[in-house]
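Here's the letter readout for the chains.
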Amino acid sequence: MSIQSETKRHTLRSLAAMKSKERVAMLTAYDVVTAACLDAAGVDILLVGDSLGNVIYGFESTLPVTLDMIVAHTAAVVRGSKRAFVVADLPFLTFQISAESAIRNAGRCLAEAGAQAVKVEGAYPEMCETVRRLTQAGIPVMGHIGLTPQSVHQMGGYYTHGKTLSSAEKILREAKALESAGAFAIVLECVTESLAREISSQVSCLTIGIGSGAVCDGEVLVVNDILGFSPGKSPKFALPRFNLKEMVRDTAAAYVQEVKGVKDSLQKSPEILS
Ligand code: KIV
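So, here's what we can say about the structure. (Residues numbered from 1 in each chain as written. Predicted model: local features only at pLDDT ≥ 70, side-chain atom pairs only at ≥ 80, totals over all residues. Heavy atoms only, no water.)

**Quick word on the side chain of D50**
Part 1 of the reasoning: Looking at where D50 falls in the secondary structure, it is placed in the loop between strand 2 (45–48) and helix 3 (52–55).
Part 2 of the reasoning: Of the side chains bearing the opposite charge, K119 lies closest to the buried D50, which forms no salt bridge; the N-O distance is 5.3 Å. (Helix = DSSP H or I, 4+ residues; strand = E, 2+ residues; numbered from the N terminus. Buried < 20%, exposed > 50% of the residue type's maximum accessible area, 1.4 Å probe, protein only. Lys, Arg positive; Asp, Glu negative; His and termini not counted. Salt bridge = Lys/Arg side-chain N within 4 Å of Asp/Glu carboxyl O.)

Take a look at the structure:
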């Protein structure tokens, strides 16, 4: 007789059913304990984002993140969670070169790490073909358009997209192309609120906003930003709700005092040792 777990993980079907009914809460996670806390809190989707390059490894951009890093952190997040849908972010140059290598690399995230889906940045025609090939291979894909940090040099920095009519029309076309290619969800990063609203009403897949106003089907933020545990300043759309850095520093300082205090008292009264 098999014992079934009471807690069921989200699936593509349960997530799709949330469109227009209930907003999707998504956060990044990179380790087992954080994943367990976010999962217990009811977060629907955990993204093992390549933002781990910034907040865990201290890189200036996401470009140095490797597939091995994403696979290892994704496996930890899967081990820590029971209910959330886990998405692995494909790093720079692991999906842009060919659909075949994208399938192989995305396959590692599912087969080795246990992710349920992958995320890819961009929506140019070859990328949409790759999204089609990935979904045909049985790998669910979350798209990501607007501000795409892996193209920071090509875009000339981090700024809001869709402010001009031509830019807004291009991003709307990209969203529709990703939807036709089979993406189950699309992250809209730093696009204008009016564009995010328009895209959300025109595509049937889920839209997940970040820095785009609270008008999408769901929201995503980098967990370290809202915990006050990022190396730099959190962006203004992800203000810290807590100061975890201060708490860790104060706890460590108290520990240092404890350790040094004991040593001091041992030195002062060696009879304690006898
Ligand atoms: O890498 C990441 O964390 C992301 C989200 C911010 C969408 O791509």
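**A closer look at the pattern of salt bridges**
Part 1 of the reasoning: Under the counting rule described, the total for this entry stands at eleven salt bridges.
Part 2 of the reasoning: For K170, the salt bridge is made with E174, and the minimal N-O distance between the two is 3.0 Å. Residue K170 and its partner E174 are both found in helix 8 (residues 165–181); the two are separated by four residues, about one turn of the helix.
Part 3 of the reasoning: Note on E174: relative accessible area 16%, which makes it buried.
Part 4 of the reasoning: Between D250 and R249 there is a salt bridge, with the nearest N and O atoms lying 3.1 Å from each other.
Part 5 of the reasoning: Overall, D250 belongs to the partly exposed group, its relative accessible area being 40%.
Part 6 of the reasoning: What makes R249 exposed here is its relative accessible area of 53%.

**Remarks on the site of the ligand**
Part 1 of the reasoning: Near the ligand, the surroundings consist of T28, L47, G49, D50, S51, D89, K119, H144, V187, I210, V220 and V222.
Part 2 of the reasoning: In this structure, D50 approaches the ligand through a side-chain N or O atom, which is 2.9 Å from an oxygen atom.
Part 3 of the reasoning: In the model, an oxygen atom of the ligand is placed 3.1 Å from a nitrogen or oxygen of the D89 side chain.
Part 4 of the reasoning: Here the ligand loses 95% of its free accessible area of 260 Å² to cover by the protein chains. (Near = heavy atom within 4 Å. Polar contact = N/O pair within 3.5 Å; in protein donor to acceptor, adjacent residues only side chain to side chain. Areas by Shrake-Rupley, 256 points an atom, 1.4 Å probe, with all protein chains shown as cover.)

**Some words on the packing of aromatic side chains**
The description of an aromatic ring pair rests on the distance of the ring centres and on the angle between the ring planes.
Part 1 of the reasoning: Applying the stated criterion across every chain yields a total of two aromatic pairs.
Part 2 of the reasoning: An angle of 10° between the planes, with centres 6.0 Å apart, marks the rings of Y57 and F59 as stacked.
Part 3 of the reasoning: We classify Y57 as partly exposed; its relative accessible area is 38%.
Part 4 of the reasoning: Judged by centre distance (5.6 Å) and plane angle (70°), the rings of F85 and F184 are edge-to-face. Of the two residues, F85 sits in strand 3 (residues 85–89) while F184 sits in the loop between helix 8 and strand 6 (185–189), which places them 99 residues apart along the sequence. (Phe/Tyr/Trp six-rings, centres within 6.5 Å; stacked < 30°, edge-to-face > 60°.)

**Observations concerning a nonpolar patch on the surface**
Part 1 of the reasoning: A cluster of nonpolar residues, F92, L93 and I97, forms a patch on the protein surface that exposes about 290 Å² of accessible area.
Part 2 of the reasoning: Structurally, L93 can be placed in the loop between strand 3 and helix 5 (99–111).
Part 3 of the reasoning: With a relative accessible area of 45%, L93 lands in the partly exposed category. (Patch = residues over 30% accessible without salt bridge, like charges linked within 9 Å, V, L, I, M, F, W, Y side chains within 5 Å.)

**Description of helix 6 (residues 125–136)**
Part 1 of the reasoning: Taking 1.5 Å of rise per residue, twelve residues should cover 16 Å, and helix 6 covers 17 Å from first to last C-alpha, within 8% of that figure.
Part 2 of the reasoning: When we look at burial in helix 6, the residues that qualify are M127, C128, T130, V131 and L134. For helix 6, the angular spread of buried residues about the axis comes to 155°, placing them on one side. Helix 6 presents P125, E126 and Q136 as exposed residues on the side facing more than 90 degrees away from its buried surface.
Part 3 of the reasoning: In this structure, the buried residues of helix 6 make contact with helix 5, strand 5 (141–146) and helix 8.
Part 4 of the reasoning: Looking one or two places after helix 6, you find G138, whose phi comes out positive at around 90°. (Expected span 1.5 Å × (residues − 1). Arc of directions from axis to C-beta. Contact = heavy atoms within 4.5 Å.)

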